[in-house]
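Chain and residue survey
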Amino acid sequence: MTLDLTGRVAVVTGASRGIGYFIARELAAAGAHVIAVARTVGGLEELDDQIKAAGGQATLVPLDLADMAGIDRLGGAIHERWGKLDILVANAGVLGVISPIGHVEAKIFEKVMTINVTSTWRLIRSVDPLLRLSDAGRAIILSSNVAHSARAFWAPYAASKAAVETMMRSWAHETQSLPLRVNAADPGATRTAMRAQAVPGEDPETLPHPSEIAKRIVPLASPDLKETGLIFQAKHNRFVAYRQPE
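Attention in this report is confined to the structure presented alongside it. (Residues numbered from 1 in each chain as written. Predicted model: local features only at pLDDT ≥ 70, side-chain atom pairs only at ≥ 80, totals over all residues. Heavy atoms only, no water.)

Attention now goes to the nonpolar core. Core analysis: the biggest nonpolar cluster contains 34 residues, and I35, V37, L85, L88, L131 and W171 have the highest contact counts within it. With nine residues, helix α4 (residues 106-132) is the single largest residue contributor to this core. Residues A10, I87, I213 and A234 belong to the second largest nonpolar core, which totals 33 residues. (Core = buried A, V, L, I, M, F, W, Y, C linked by side-chain atoms within 4.5 Å. Buried < 20%, exposed > 50% of the residue type's maximum accessible area, 1.4 Å probe, protein only. Helix = DSSP H or I, 4+ residues; strand = E, 2+ residues; numbered from the N terminus.)

Printed below as a string of structure tokens:
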């Protein structure tokens, strides 16, 4: 079934490259007006060209997500122009460094937490009232399987994604009686610049292209979606539930 998002407004962070770039393109192709957020102006302009060439619409927001006041202003601007938000894709994130935990520099750890955790909370706080005004608000929070595997040498990134998933679950519980649906999405290993940074010796051709992963994640924005508070595993194209430690 073709996804129809005509008339819906979507925010995508980290939209200038990788998975976020292709999610933004897929949302626009389905009819949504995409508010594309990223630091890299050139990447945003390329995205805008691609979306317009395909007949879609986008609004570009050059924004460093370390700018918390800027995130607050984003919510206000969306309210002023559209009066609501239908879709949030919190995709932006940084890897930090692959290193023994005792060797991680404080400034690197703090940057990972600022961009991956604090800015995600600030974004949720900014747009939660707008998503509640939608008839079918949808929030998609990008995560990673390292949030659960706690892989050696990945401590800052793994901890940040575990924190993000916990926030997502709490938000989903708070809103489960509303039309708003909130889920995490685990893209799995994907052919992105971040993956190349993390695993430099890996052959990227063995990994799925971010456009493939985006096509699997975008249906989570459907007004017909019922699931909330779960993880969507793009690799297996399925939702999985959380469970308590055993």
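Compared with an ideal rise of 1.5 Å per residue, which puts twelve residues at 16 Å, helix α1 (residues 18-29) spans 17 Å between its outermost C-alpha atoms and is within 8% of the ideal. Along α1, the residues that are buried comprise I19, G20, Y21, F22, I23, A24, L27 and A28. Looking at the buried positions of α1, the neighbouring elements they touch are β1 (9-13), β2 (33-38), α2 (41-53), β3 (57-62), β4 (87-90) and α8 (210-217). (Expected span 1.5 Å × (residues − 1). Contact = heavy atoms within 4.5 Å.)

Right, let's get into the packing of helix α3 (residues 68-81) against α4. Axis separation between α3 and α4 bottoms out at 9 Å; the angle between their running directions is 25 degrees. With respect to their mutual orientation, α3 and α4 come out roughly parallel. Along this stretch, α3 crosses α4, giving a crossing that reads as right-handed. Contact residues: M68, A69, I71, D72, L74, G75, I78 and H79 in α3; T114, T118, S119, R122, L123, R125, S126 and L130 in α4. Of the residues that constitute the contact of α3 with α4, the class distribution is seven nonpolar, six polar and three charged. (Axes fitted to C-alpha atoms, helices over the stretch in contact; angles between N-to-C directions. Parallel < 35°, antiparallel > 145°, perpendicular 65-115°, else oblique. Left-handed = near helix turned anticlockwise from the far one by under 90°. Nonpolar A, V, L, I, M, F, W, Y, C, P; charged D, E, K, R; others polar.)

Let us look at the packing of α4 against helix α6 (residues 155-174). Put simply, α4 and α6 touch, their axes get as near as 9 Å, and they point 15 degrees apart. Relative to α6, α4 is oriented roughly parallel. Taken as a pair, α4 and α6 cross one another with a handedness that is right-handed. Residue-level contacts link F109, V112, M113, N116, V117, T120, W121, I124, D128 and L131 of α4 to P156, Y157, A159, S160, A163, V164, M167 and W171 of α6.

Take the side chain of T59 next. Looking at the secondary structure, you find T59 in strand β3. Separated by 3.3 Å, the side chains of T59 and R81 make a polar contact. Contacts of T59, omitting those with residues within four sequence positions, involve H33, V34, I35, A36, R81 and W82. (Polar contact = N/O pair within 3.5 Å; in protein donor to acceptor, adjacent residues only side chain to side chain.)

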